Amino acid sequence: MCSAINDNFSVEAGYRYMKSNMQDTITVSGVDVKLEIDPISNWFVGVNYKF
């Protein structure tokens, strides 16, 4: 969501969610390493100024 306050200022806020179920195994220096990425989510708020 983005909302203009005037010609120069605007604010935005929202929520991001990235679903992931990635799993992988790699070998580093002869050692197996299991990688797992869980879903990522975050809230954000921003203020923008246009010159």
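Throughout what follows, the structure given in this document is the object of discussion. Everything numeric in this text was worked out from a predicted model, so none of it was measured. (Residues numbered from 1 in each chain as written. Predicted model: local features only at pLDDT ≥ 70, side-chain atom pairs only at ≥ 80, totals over all residues. Heavy atoms only, no water.)

### Some remarks on the pattern of salt bridges
Right, on to step 1. If you walk through the whole model with that rule in mind, you get one salt bridge.
Right, on to step 2. A salt bridge links Lys34 to Glu36, with the nearest nitrogen and oxygen atoms 3.1 Å apart. (Salt bridge = Lys/Arg side-chain N within 4 Å of Asp/Glu carboxyl O.)

### Describing the packing of aromatic side chains
Right, on to step 1. Counting across every chain of the model gives three aromatic pairs.
Right, on to step 2. Plain terms: the ring middles of Phe9 and Tyr49 are 4.9 Å apart, the flat faces sit at 55° to each other, and that makes the pair tilted. Within this pair, whereas Phe9 is found in strand β2 (residues 9–18), its partner Tyr49 is found in strand β5 (residues 40–49), the two being separated by 40 residues in sequence.
Right, on to step 3. Judged by centre distance (4.7 Å) and plane angle (50°), the ring pair of Tyr15 and Trp43 falls under tilted. Remark: Trp43 occurs in strand β5 and Tyr15 occurs in strand β2; sequence separation between them is 28 residues. (Phe/Tyr/Trp six-rings, centres within 6.5 Å; stacked < 30°, edge-to-face > 60°. Helix = DSSP H or I, 4+ residues; strand = E, 2+ residues; numbered from the N terminus.)

### Concerning the environment of Asp38
Right, on to step 1. Tracing the chain through its elements places Asp38 in the loop between β4 (31–36) and β5.
Right, on to step 2. Spatially, the C-alpha atoms of Asp38 and Met18 are 9.0 Å apart, while their sequence positions differ by 20 residues.

### Side note on the pairing of strand β3 (residues 23–28)
Right, on to step 1. The pairing of β3 with β4 spans six bridges and is classified as antiparallel. What sits directly across from Val28, in β4, is Val31.
Right, on to step 2. Between β3 and β4, which pair antiparallel one after the other, the connecting turn spans two residues, and Ser29 there sits at a positive phi close to 50°. (Pairing = 2+ DSSP bridges.)

### Quick look at the sheet that holds β5
Right, on to step 1. The antiparallel open sheet is built from three strands, whose spatial order is β1-β2-β5. Only two strands of the sheet have a single partner each, and these edge strands are β1 (2–4) and β5. Pairs of neighbouring strands in the sheet enclose a mean axial angle of 5°, with direction left out of account.
Right, on to step 2. Relative to β2, β1 runs antiparallel, the two sharing three bridges. Bridge assignment links Ser3 to a residue of β2, and that residue is Val11. (Axes fitted to C-alpha atoms, helices over the stretch in contact; angles between N-to-C directions.)

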